[in-house]
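# Architecture at a glance
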Amino acid sequence: MKCFVTGASGFVGANLVRELLARGHSVKALLRPGADSRGLTDLNFERVDGDLADRKALSAGLSGCDWCFHVAASYHLWLRDYTGMYAANVEGTRSVIEMATRAECSRIVYTSTVGCIALPKLIGGNIVPTDEDAPVSEAQMSNHYKRSKWQAEQIARELAAKGAPIVIVNPSAPVGPYDVKPTPTGQIIVDFLNRAMPAYLDTGLNWVHVRDVAAGHVLAAEKGRVGERYILGNAEGNWTLKETFRALEQITGVPAPKFQIPYSIALGAAYANEAFAKLTGKPPKAPLAGVRMARYKMFFNPAKAIRELGLPQTPPRTALSAAVEWFRANGYVRPGVP
């Protein structure tokens with residue numbers, strides 16, 4: 001297939017381009033001028049210069065394409081002004097889907113987030129991972145990033161109901177190679193490797209290998225039902241942060257942090273960080289939005305994607321090992337850190 005990919009310079013996008021090429025598809029990648037494309041080094045694809053607001057570039061890039069993958073998003077937990085985030089995530093999504101529909105793409109895969117899925121519930125003292133069918137509303141979107149992605153997802157579902165061939169995927173917490181920036185989840189591993197993680201919060205994530213997420217996008221184009229959502233996660237990947245650090249200690253030999261920070265202290269520190277950030281303009285080390293999300297264990301059930309798409313299930317420990325290997329090999333560990 002001829003494929004158009006937005007967000008190709010990002011973590012998931014770069015791995016998706018690699019997955020598509022490995023499967024024999026051709027790729028056109030929308031890239032902003034000056035985009036950090038280190039994750040795409042040595043790959044054979046066609047570059048389309050432009051951004052999500054450039055409908056002329058979108059039209060040119062989508063011309064002749066069979067599949068469209070809209071992966072691009074503005075992902076920030078703190079900004080002085082969120083106007084650009086909503087423009088990219090909400091109106092950018094509308095533009096891409098409308099232009100892909102005009103180009104008569106047979107499948108449009110929209111990359112949402114598990115942040116748009118309902119939070120897990122505590123039943124009988126146990127956390128029950130949620131799935132795509134759990135009731136959720138915009139009122140539960142606790143920060144600007146989640147709210148903008150929620151609004152974008154509603155646009156995707158609305159246009160799917162009108163006939164656009166859209167399939168929505170909701171990745172959980174991907175880790176693995178080519179996390180160039182790195183992402184917030186990748187930064188956890190980088191900080192661990194650099195021994196810059198003295199303590200932890202009682203939170204949890206659903207870890208998934210980024211290559212499984214990339215494969216899930218392709219499988220969604222091949223097998224996904226129009227208008228449906230699919231959690232791209234790992235059935236064995238619901239780990240607390242304490243469990244994650246224990247696994248990383250075993251993988252790397254770096255001692256895991258032993259102290260758990262009470263949520264109230266972390267929240268107070270986040271308020272102070274954000275107040276200082278407003279004065280300096282520099283992003284806070286611990287954004288308030290991130291700390292608030294950490295109050296909940298983000299555990300999810302990807303059974304639907306496994307059942308309907310055949311989503312691969314690489315062991316989470318393998319995913320963490322792949323991330324560690326890539327970060328160490330590409331200079332993310334400070335010199336002198338054992």
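Rules used throughout
Residues numbered from 1 in each chain as written. Predicted model: local features only at pLDDT ≥ 70, side-chain atom pairs only at ≥ 80, totals over all residues. Heavy atoms only, no water. Helix = DSSP H or I, 4+ residues; strand = E, 2+ residues; numbered from the N terminus. Buried < 20%, exposed > 50% of the residue type's maximum accessible area, 1.4 Å probe, protein only. Polar contact = N/O pair within 3.5 Å; in protein donor to acceptor, adjacent residues only side chain to side chain. Contact = heavy atoms within 4.5 Å. Pairing = 2+ DSSP bridges. Phe/Tyr/Trp six-rings, centres within 6.5 Å; stacked < 30°, edge-to-face > 60°. Lys NZ or Arg CZ within 6 Å of the ring centre and 35° of its normal.

### Re the side chain of Asn170
- Within the element layout of this structure, Asn170 appears in strand E8 (residues 166-171).
- The exposure class of Asn170 is buried, given its relative accessible area of 0%.
- At a separation of 3.5 Å, a polar atom in the side chain of Asn170 contacts the side chain of Ser112.
- Excluding its chain neighbours within four sequence positions, the residues that come into contact with Asn170 are Ser112, Thr113, Val114, Cys116, Ile117, Glu153, Arg229, Tyr230, Ile231 and Leu232.

### Quick word on the pairing of strand E11 (residues 204-209)
- Among the six residues in E11, five count as buried, and that is most of the element.
- Relative to E11, strand E9 (residues 173-175) is paired through three bridges, and the arrangement is parallel. Residue pairing for E11: Pro174 is matched across the bridge by Val208.
- Here E11 pairs with strand E13 (residues 238-240) via three bridges, running antiparallel. Across the sheet, residue Asn206 finds its bridge partner in E13, namely Asn238.

### Digging into the packing of aromatic side chains
- For the coordinates displayed, the defined rule picks out eight aromatic pairs.
- Here the aromatic rings of Trp326 and Tyr332 are separated by 5.4 Å at their centres, their planes lie at 40 degrees, and the arrangement is tilted. An identical accessibility class is assigned to Trp326 and Tyr332; each is buried.
- A network of ring pairs unites the aromatic residues Tyr178, Trp326, Phe327 and Tyr332 as a single cluster.
- When the ring centre of Tyr178 is taken as reference, the NZ or CZ atom of Arg18 above it lies at 3.7 Å.

### A few points about the environment of Asp36
- Mapped onto the secondary structure, Asp36 falls in the loop between strand E2 (26-31) and strand E3 (46-49).
- Ignoring any residue separated from it by four or fewer positions in sequence, one finds Asp36 in contact with Ser9 and Val180.
- At a separation of 2.7 Å, a polar atom in the side chain of Asp36 contacts the side chain of Arg38.

So yeah, pure geometry; function would need other evidence.
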